[in-house]
Amino acid sequence: MNGRNAFVGILGGLLAVMLLGPLAAAAQVAQNPEPSGSGEGNGQQSAGSVESNVPLSTRQEAIAIRFRRFENTLLQLAEYLRKTDPDRAELLIRAIGESQEKKIQHQMTTIVSLLARGQFGDAIDRQGDLVKSLQALLELLQSEDRRSALEAERERLKKLLKEVSRLIGQEKDARATNERGEATDRAAGKQEKVAERTGQLLDEIKQHDGAGKNQPGTEGQSSSDTDRSSQSQSGESDQSKSDQSGSGDSKSPSDAPSSDQTKTPQQGQPSDGAEPNPPSGDQDSQDAKPSESSGGQSPSSQAQPSPSQTPSPGDTPKTPGREQLEQAYQQMKQALEKLRKQQREKASDHQDEAIRKLVEAKDKLEEILRQLREEERGILLTALEARFRKMLAMQQLVYHKTVELNAVPEADRSVSHRERARKLSFDENAIGLEADKALALLREEGSSVAFPQAVEDLRQDIDTVTRRLERAQVGALTQSIEQDIIDALEEILDALEKELQKLEEKQQQQQEAQQPQDGEPPLVDLLSELKMLRTLQVRINRRTKRLGNLIEGNQATDPDIVQQLQELAERQARVQQATYDLVTGRNR
């Protein structure tokens, strides 16, 4: 698998470095085609300025040459992998087909001509479309590995979501214990357990996010957090005393070295767009704000950068909701300190704020899970569409050759005729292997009921055709079953295309309205499932009538027809079960 990932990485790198980067640069220059020699130092002519002196049409033509080389590389790799890795070879062939369908080479040639004639406006528009086509090609090449990565990330975030939901319940229980007036030792004990588990969860998140890559001593992270916690509690205790003596509006310079809270809250607030915590309504909220923003700008936080600060471009992206969890953790520690001081009301305020931050973290996780699910759906639907389209082309070819063989008179049929029929049987079996792969994808995804059933029925028909062609039975019954397979594939493709279109429209609407969706959407919606079940029932009825016309009398005696009738009975039972599963929601 590592080899496959490296393989896709090389192709993606080739496409991005050879084409997308230079093309974007050319588009930027086309928007500002003024000469570069503007007198900014005649002796400082950089490599970039030398390149800018090359005509845009020449630079665009160089990109076109690179793309032709890239396509040739794809074709050579596909031929090389055809026997050793047919799935990967098929992916490359699909990429080449998409390139030809979108006429990428023709687009590049057109842009070269426009730039040569100085029609920069039209060239910029064409370059924008070309960049989109190339990005789509890159996504196709990376689709298989991207789906695996999405599945792994979704599983991780699902587990994290369960943990956060559990923390919300535990924190609410700790608050209820406090507000019921139970012993402060018991209330503090509950709060301490929740804070401890939250800290452990944060350590796991930091480890995943790679927080230790840019920091020495990753294993010491937890202990340093504890040190900062004790400093925060110490500084808060001093501040509380100052509050009681009436001098809490300012901190003395002597307190500065011993507390992270000596910096102004604004210095410690996140710079990546997170909202600062609102004041809680009492003086204690002022000394809580620095803790909520990861300790301000203290020396310890400078030695180990706070995850709530804006990461540098090379840093690993943070887990969604991590910042809210950190803020909830600080509030829990504040609540624990207040409980130890018998300040129940202030502790309750911090517990309320901790719950609010945990709910925010939960909302963020649910939203990112929905987005990942939508992306995974798009990748899976696209992969299924490509596979079924390939199967349709293969089946149509088998059907036409079956008709040709059947046109040969019985008296003229020889050994070569039987060999040609067996060759078609082999080709039909290859279609069955493609159906198995599609069925595995659908079953692995697990949310659809009718579509896996449709593929199972399809696979059964393919097996029937394979057996009949093996016996050189190329007559009307075989051809009718082949036509049923073609019709079924066309219906499945039509349903998948509609689902992809609906998914694209839905994503656009959500981007415009910014409206989150409840729950994880299934692969296909309920209406599409019902339509597919109806189609399956229509096929059973049609096949039953066709077989009935072949029966002489009231009872079938031909073993082949009897077998097909038995298969139809089993198919009818499966449709009934699929309908029940759909109605009862067993697929959800």
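Conventions and cut-offs
Residues numbered from 1 in each chain as written. Predicted model: local features only at pLDDT ≥ 70, side-chain atom pairs only at ≥ 80, totals over all residues. Heavy atoms only, no water. Axes fitted to C-alpha atoms, helices over the stretch in contact; angles between N-to-C directions. Helix = DSSP H or I, 4+ residues; strand = E, 2+ residues; numbered from the N terminus. Parallel < 35°, antiparallel > 145°, perpendicular 65-115°, else oblique. Left-handed = near helix turned anticlockwise from the far one by under 90°. Contact = heavy atoms within 4.5 Å. Nonpolar A, V, L, I, M, F, W, Y, C, P; charged D, E, K, R; others polar. Core = buried A, V, L, I, M, F, W, Y, C linked by side-chain atoms within 4.5 Å. Buried < 20%, exposed > 50% of the residue type's maximum accessible area, 1.4 Å probe, protein only. Polar contact = N/O pair within 3.5 Å; in protein donor to acceptor, adjacent residues only side chain to side chain. Expected span 1.5 Å × (residues − 1).

Caption draft 1: Seen up close, the packing of helix α5 (residues 104–116) against helix α6 (residues 120–141). One can describe the packing of α5 onto α6 by two numbers: an axis separation of 9 Å at closest approach and a directional angle of 160 degrees. With respect to α6, the axis of α5 lies roughly antiparallel. Handedness of the α5/α6 crossing: left-handed. Residues Ile 104, Gln 107, Met 108, Thr 110, Ile 111, Leu 114 and Leu 115 of α5 touch α6, and the partners they reach there are Phe 120, Asp 122, Ala 123, Arg 126, Gln 127, Asp 129, Leu 130, Ser 133, Leu 134 and Leu 137. Of the residues in the contact of α5 with α6, the class split is 10 nonpolar, four polar and three charged.

Caption draft 2: View of the packing of helix α18 (residues 526–550) against helix α19 (residues 559–584). Direction vectors running N to C along α18 and α19 enclose 160 degrees, while the axes themselves pass 10 Å from each other. On the basis of the axis angle, α18 is roughly antiparallel to α19. Classified by chirality, the crossing of α19 by α18 is left-handed. Two secondary-structure elements touch here, α18 through Leu 526, Glu 529, Leu 530, Leu 533, Leu 536, Gln 537, Ile 540, Arg 543, Thr 544, Leu 547 and Leu 550 and α19 through Ile 561, Gln 564, Leu 565, Leu 568, Arg 571, Gln 572, Val 575, Ala 578, Thr 579 and Leu 582. When its residues are assigned to classes, the contact of α18 with α19 shows 13 nonpolar, five polar and three charged.

Caption draft 3: Fine view of the nonpolar core. Within the largest apolar cluster, 52 residues are counted, with the highest numbers of intra-cluster contacts made by Leu 384, Phe 388 and Met 391. Counting only elements with at least two residues in this core, the list comes to α14 (344–406), α15 (415–445), α16 (450–470), α17 (476–513), α18 and α19. With 12 residues, α17 is the single largest residue contributor to this core. Residue contacts for Phe 388: discarding those within four places in its chain leaves Ala 438, Val 455, Leu 489, Ile 492, Leu 493 and Leu 496. Grouped together as the second largest cluster of nonpolar side chains are 24 residues, Ala 64, Ile 96, Leu 130 and Leu 134 included.

Caption draft 4: The environment of Arg 344, seen in detail. With respect to the helices and strands, Arg 344 occurs in helix α14. Residues contacting Arg 344, with those up to four places away along its chain left out, are Thr 177, Asn 178, Gly 181, Glu 182, Ala 183 and Thr 184. In this structure the side chain of Arg 344 is engaged in a polar contact, spanning 3.0 Å, whose partner is the backbone oxygen of Asn 178.

Caption draft 5: Up close: helix α13 (residues 322–340). The end-to-end C-alpha distance of α13 is 27 Å, a good match for the 27 Å that 19 residues give at a rise of 1.5 Å each. With 18 of its 19 residues buried, α13 lies for the most part within the structure. Positive backbone phi, approximately 65 degrees, marks Gln 342, located one or two places after α13.

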